[in-house]
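Inside the fold
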Amino acid sequence: MAVANAQLGLPLVLVSCLLIVTGCLTCQEHLNKHVALFIFGDSLFDPGNNNYINTSAEFQANFWPYGESYFDPPTGRFSDGRLIPDFIAEYAGLPLIPAYLDPRHHEFVYGANFASGGAGALVESHAGFVVDLKTQLEYFGDVEEDFRQNLGDAKAEQLLSDAVYLFSCGGNDYLSPVGNNESIVYPYTHEEYVKMVIGNLTDVIKGIHGKGGRKFGIVTVPPLGCWPSIRAGRADNSCSEEIEMIASLHNELVWKKFQELEKQLEGFMYSKYDLSTAISKRMKEPSRYGFKVGESACCGSGPFGGIYSCGGKRGAAEFDLCENASDYLFFDSNHPNEVASRQFAERWWKGDLKEASPYNLKHLFETRMA
């Protein structure tokens, strides 16, 4: 795979905290004390995997002003700073979980992040530009094999069963077809299309379960129809009712599917975080959550900052950048800022049943499998 022309930097503490599986005196201590974290999905979770594939700037964020609030130089995260999984790792006592494709990292005892900006559950979503969910599962399979080879089957199986697996997936499956004159999911009905997406997602979850995974976390698809990028592309700058409808249907059916999996798969536990409601509330009442602007992006151009021009490398050289990213719920036209991601992660970590159900992530991390 081609390597993007960007020199990434991660805090030195990440490098120093990574364990070498073989010949490491503290590995057993790690296995006894920590629960690994594996991350799958799209740009809401991507720490920079797309820096290392042959893609375009449309699917990368390894340039200024991305990362400006926390990372120097930018890591490839689609934010001004850290993402939801970064904070979850912090709350779990883990270092930042590295991008799987980053060539500087080869051992993943603390976990690995396979997420790819633009990826969907369907291979067809942005095909050729991203690492789709099925391929992410294949990468995880390689990690599993390395664990078995280096740790032995018993320790590898304990690590994998104790680990937590996070997912953010589906949004790109509904955004990538936008522009079709008849329907974004033509020639399928909304329900047929959503079931295809969830079917692929379910196959991946079953694949992880088959390799020993038991504890899963998933965020609902955000309110995409009112995304700054969607509103900016509509003649009247209104929300897309069709995208709102299909995202809502996805969230309803995902909830039902996970309830089914809990009954079907041995030891299956999960935590669903209602990201859609959390973002909608902040868009409507930003000041209640510490923001000044809830519907427009800090970085971009056009109505609502909704033209995806942040950084000037995506076809439009000029873009607007707000003075303080923390004032805006959205950093760019498609992604929330670091402050919002921290808020979401905190509620997913310790929230009640209205936000994280049937368990919050803290409960999953504290539950050790027999």
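The structure reproduced in this document is the subject of the present report. (Residues numbered from 1 in each chain as written. Predicted model: local features only at pLDDT ≥ 70, side-chain atom pairs only at ≥ 80, totals over all residues. Heavy atoms only, no water.)

Considerations on the overall build of the protein chain
Spelled out, the test is: Elements are defined by DSSP. Helices are runs of H or I of four residues or more, strands are runs of E of two residues or more, and each kind is numbered from the N terminus. Burial classes follow relative accessibility: with a 1.4 Å probe on protein chains only, a residue under 20% of its type's maximum area counts as buried, one over 50% as exposed, and anything between as partly exposed. Contacts between residues were defined by any pair of non-hydrogen atoms, one from each residue, lying within 4.5 Å. Accessible surface is estimated by sampling points in the Shrake-Rupley manner with a 1.4 Å probe; for residues, cover comes only from the protein chains shown.
Check the secondary structure of the protein chain and you find 12 helices and 11 strands. Evaluated residue by residue, the protein chain yields a buried proportion of 59% over its 370 residues. The long-range fraction of contacts in the protein chain, counting pairs at least 24 apart against all pairs at least 6 apart in sequence, stands at 74%. Put simply, the protein chain shows about 15,400 Å² of open surface, and 49% of that area lies on carbon and sulfur atoms.

Structural notes on the packing of aromatic side chains
What counts is decided by this rule: In summary, the pairing rule links any two rings of Phe, Tyr or Trp, Trp by its six-membered ring, whose centres are within 6.5 Å, and it sorts them by plane angle into stacked for under 30 degrees, edge-to-face for over 60 and tilted for everything else. Lysine and arginine charges are scored as sitting over a ring when NZ or CZ, respectively, is within 6 Å of the ring centre and within 35 degrees of the ring normal.
Tallied over the entire structure, the rule returns 31 aromatic pairs. Judged by centre distance (5.5 Å) and plane angle (40°), the rings of Y100 and F108 are tilted. Owing to a relative accessible area of 18%, Y100 belongs among the buried residues under this scheme. On the numbers, 6.1 Å between centres and 70° between planes, the contact of W255 with Y270 is edge-to-face. Remark: Y270 occurs in strand β5 (residues 269-273) and W255 occurs in helix α9 (residues 241-264); sequence separation between them is 15 residues. The ring of W255 carries the charged tip of K272 above its face, separated from the ring centre by 4.6 Å.

Points about the state of the cysteines
Rules: The rule for a disulfide is simple: a pair of cysteine sulfur atoms within 2.5 Å.
Throughout the structure, instances matching the rule amount to 3 disulfides. With its sulfur 2.0 Å from that of its partner, C226 forms a disulfide with C239. In this structure, the disulfide formed by C226 and C239 twists by about 115° around the S-S bond and is classed as right-handed. Of the two residues, C226 sits in the loop between β4 (215-219) and α8 (228-232) while C239 sits in the loop between α8 and α9, which places them 13 residues apart along the sequence. Covalent S-S linkage joins C298 and C322, the inter-sulfur distance amounting to 2.1 Å. An S-S torsion of about -90° defines the bridge between C298 and C322 as left-handed. Separated by 24 residues along the polypeptide, C298 in the loop between β6 (293-297) and β7 (299-300) and C322 in the loop between β8 (320-321) and β9 (328-332) bring together distant segments of the chain. The class for C322 is buried, based on a relative accessible area of 12%.

Observations concerning helix α7 (residues 190-210)
Definition in use: Here the expected span of a helix is defined as 1.5 Å times the quantity of residues minus one.
Taking 1.5 Å as the rise per residue, α7 with 21 residues should run 30 Å; its terminal C-alpha atoms sit 30 Å apart, in good agreement. Every buried residue belonging to α7 is among Y193, V194, V197, I198, L201, T202, V204, I205, I208 and H209, and all of these are buried. Its buried side turned inward, α7 meets β1 (37-41), α4 (133-151), β3 (164-168), α6 (171-175), β4 and α9. Looking one or two residues beyond α7, the residue adopting positive phi is G212, at roughly 115°.

Quick look at the pattern of salt bridges
Filter applied, for reference: What counts as a salt bridge is simple: a side-chain nitrogen of Lys or Arg found within 4 Å of a carboxyl oxygen of Asp or Glu.
In the structure shown here, the tally under the stated rule is 18 salt bridges. Here E144 ties to R148 by a salt bridge, and the two come within 3.0 Å at their closest N and O atoms. Placement of both E144 and R148 in helix α4 is noted, with a separation of 4 residues, approximately one turn of the helix. Taking relative accessible area as the criterion, R148 reaches 24% and is therefore assigned partly exposed. One salt bridge in this structure joins K211 and E144, with 3.6 Å as the shortest N-O distance. Remark: E144 occurs in helix α4 and K211 occurs in the loop between α7 and β4; sequence separation between them is 67 residues. Among the residues examined, E144 registers a relative accessible area of 10% and is labelled buried. Salt bridges linked by common partners bring E144, R148, D153, E157 and K211 together as one network.

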